[in-house]
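Per-entry structural report
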Amino acid sequence: AVQCAVKIQDGMRERNVDNDDNQRFYFRIGVNQGDVIVEGDDIHGNGVNVAARLEGLAEPGGVVVSGKVHEEIRGKLDFSFDDLGLQD
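Heads up: these notes are all about the structure in this document.

Criteria and cut-off values
Residues numbered from 1 in each chain as written. Predicted model: local features only at pLDDT ≥ 70, side-chain atom pairs only at ≥ 80, totals over all residues. Heavy atoms only, no water. 1 Å grid on protein atoms, 1.4 Å probe; cavity = no way out; pocket = protein on both sides within 12 Å on 5 of 7 lines; lining within 4 Å. Points joined across faces, edges and corners; volume = space filled by probe spheres on them. Helix = DSSP H or I, 4+ residues; strand = E, 2+ residues; numbered from the N terminus. Expected span 1.5 Å × (residues − 1). Buried < 20%, exposed > 50% of the residue type's maximum accessible area, 1.4 Å probe, protein only. Arc of directions from axis to C-beta. Contact = heavy atoms within 4.5 Å. Phe/Tyr/Trp six-rings, centres within 6.5 Å; stacked < 30°, edge-to-face > 60°.

Another point: the layout of surface pockets. One number sums up the size of the largest pocket: a volume of about 940 Å³. Taken together, 30 residues make up the lining of the largest pocket; nearest its centre are Val63, Val64, Val65, Asp82 and Leu84. Mapped by element, the contributors of at least two residues to the lining of the largest pocket are α1 (2–16), α2 (46–57), β4 (63–65) and α3 (67–73). Ranked by residues supplied to the lining of the largest pocket, first place goes to α1 with 5 residues.

Have a look at this one:
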């Protein structure tokens, strides 16, 4: 999920290079590990709720991962991370 999120953001940066400021499009992505419940067209659960909060912490074009995700991928992926500290 983290590799996918970074690849999406890289692709958006490439897409935006030739666009004017008012035509650029940015995502904010939050990645969490937790329960996801699918009921019809609705998804919810603690994993989704936390990911949505993390998304709000991301800069436009950025990815924020939970501490749980960071623990799982530390040393396994070639990405650097900035610690945002404990978030409410």
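This part is about α2. Taking 1.5 Å of rise per residue, 12 residues should cover 16 Å, and α2 covers 17 Å from first to last C-alpha, within 8% of that figure. Regarding α2, the residues found buried are Gly47, Ala51 and Leu54. Taken around the axis of α2, the buried residues stretch over an arc of 60°, which confines them to a single face. When the buried face of α2 is taken as reference, the exposed residues oriented beyond 90 degrees from it are Asn46, Arg53 and Gly56. Next to the buried residues of α2 lie β1 (29–31) and β4.

A word on the environment of Ile37. Along the chain, the position of Ile37 falls in strand β2 (residues 37–39). For the pair Ile37 and Leu84, spaced 47 residues apart in the sequence, the C-alpha separation amounts to 28 Å.

Turning to the packing of aromatic side chains, a few remarks are in order. In this structure the tally under the stated criterion is 1 aromatic pair. Considering the side-chain rings of Phe25 and Phe27, the 5.2 Å spacing of their centres and the 85° angle between planes classify their relative orientation as edge-to-face. Residue Phe25 is classed as partly exposed on the basis of its relative accessible area of 44%. Look at Phe27 and you get partly exposed, because its relative accessible area is 33%.

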